[in-house]
Structures are given as structure tokens and as C-alpha cells.
Amino acid sequence: MTSPLDIVVAVADNGVIGRDNQLLWRLKTDLRRFRELTMAKPMIMGRKTFDSIGKPLPGRETVVLTRDPAFTVEGVHVARSWDEAVEKASALAQKMGADRVAVVGGSEIYALALPHVRAIYLTEVHTSPEGDAVFPSYDRADFREVARSEHPKGADDEHAFTFIDLERRARNGQG
């Protein structure tokens, strides 16, 4: 049985999530939220996202989805297909006692995940930078907003931003 999938993502007002495999903002408050949402859970990410982080994050299990047959990193679980990534992450979730799997990027991985996710933990970053990675389009009507909190620009956060928690509406006309 597969574990529920949740997306954790920070997206600029213009849809950009990165450039040259890097984040485009410094938001300590968002990094704390990311840590809270992913701690003690398996995370699915693409190889480029993993490369931008540079190492497995402590307290979590990392499943990297890649087409590179030579990719191996100690402490990282490698998957060659979306289904294999979900299968491995679900097995890890069960082993860890986690109630869900976090999908943490990048663009291609989010696009694969969107039809299957239970929730999106979205940080809307109130800036519009140039970028080469964008969050894929999705029908916001498929989700209902369950929480929202506004955060001003400050000493630890170089832009104002909004945390928005979205849960998928029931399918098949229910809910």
C-alpha cells in the first residue's frame, strides 16, 4: 500500500521555483517549515534537487528519482521511475512510522506527483524573479485551502511570503 503523498514547495508569484539549480531567496522561516514538514519522513526528489542540497538531510530518508544509471550516493535510495520512487518511499514511511511521504522537487518531479498528492504545503514568495524552473500548472479547484498565514519581509526573510496548506478535494463527486 502506498503512503499519502504531500508536496512541499516554495513558489514565487510568477511561478518560478529556481534558477541554475538554486533557490532564489533567503527565507529562514520557510526553511524551518520545510524541516518541520519533512522531518522523520521519506522525501522524493529529483537528482538536480538533490545536487542543489548536496547531501542527504538528517532525520529523513531521501529517494532520488534519476535517469542517470551511474548515480549512487551513500545514504540515498535511488529510483529509476516514478512508480519505483513511490514504492520505495512508501516502504520507508512504513519502516519509519511516518504517515506520509514528502515530494520536494523539482519541476519534473512535482509534475509527476500532482495527480497523486493528498496535500500541497505551499509557500507563496512575494517576488517575481527570473528563473528556469517553474512549478507546474494544476487546477487549484481540485484543492481546498485549509490554512493560510501571512509573513512580512524581515531580518530572517528577504521577501514577504504566505504559507498556504491545500488539501485535495474528495474525488468522484464526493466532498
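All values reported here derive from a predicted model rather than from experimental measurement.

We now examine the overall build of the protein chain. Counting its regular elements, the protein chain contains four helices and 10 strands. Starting at the N terminus, the α and β elements of the protein chain follow one another as β-β-α-β-α-β-β-α-β-α-β-β-β-β. A compact globule built from 175 residues should have a C-alpha radius of gyration of about 16 Å, and the protein chain, at 16 Å, falls within 12% of that. Expressed as a percentage of the 175 residues in the protein chain, the buried residues total 46%. Of the contacts made within the protein chain by residues no fewer than 6 positions apart, 65% connect residues no fewer than 24 positions apart.

To continue, consider the nonpolar core. Ranked by size, the top nonpolar core spans 30 residues in total, and within it Ile 7, Val 9, Ile 44, Trp 82 and Ile 120 carry the most contacts. Going through the elements one at a time, strand S1 (5-12), strand S4 (61-65), helix H3 (82-96), strand S6 (101-103), helix H4 (107-113), strand S7 (119-125) and strand S10 (161-168) are the ones with two or more residues in this core. The element best represented in this core is H3, accounting for six residues. Ignoring any residue separated from it by four or fewer positions in sequence, one finds Trp 82 in contact with Leu 5, Ile 44, Leu 65, Val 103, Ile 109, Leu 112, Ala 113 and His 116. Membership of the second largest hydrophobic core comes to 14 residues, among which are Met 43, Met 45, Phe 50 and Ala 102.

Each value, and the rule that gives it
- Residues numbered from 1 in each chain as written.
- Predicted model: local features only at pLDDT ≥ 70, side-chain atom pairs only at ≥ 80, totals over all residues.
- Heavy atoms only, no water.
- Helix = DSSP H or I, 4+ residues; strand = E, 2+ residues; numbered from the N terminus.
- Rg over C-alpha atoms; globule rule 2.2 N^0.38 Å.
- Buried < 20%, exposed > 50% of the residue type's maximum accessible area, 1.4 Å probe, protein only.
- Contact = heavy atoms within 4.5 Å.
- Core = buried A, V, L, I, M, F, W, Y, C linked by side-chain atoms within 4.5 Å.

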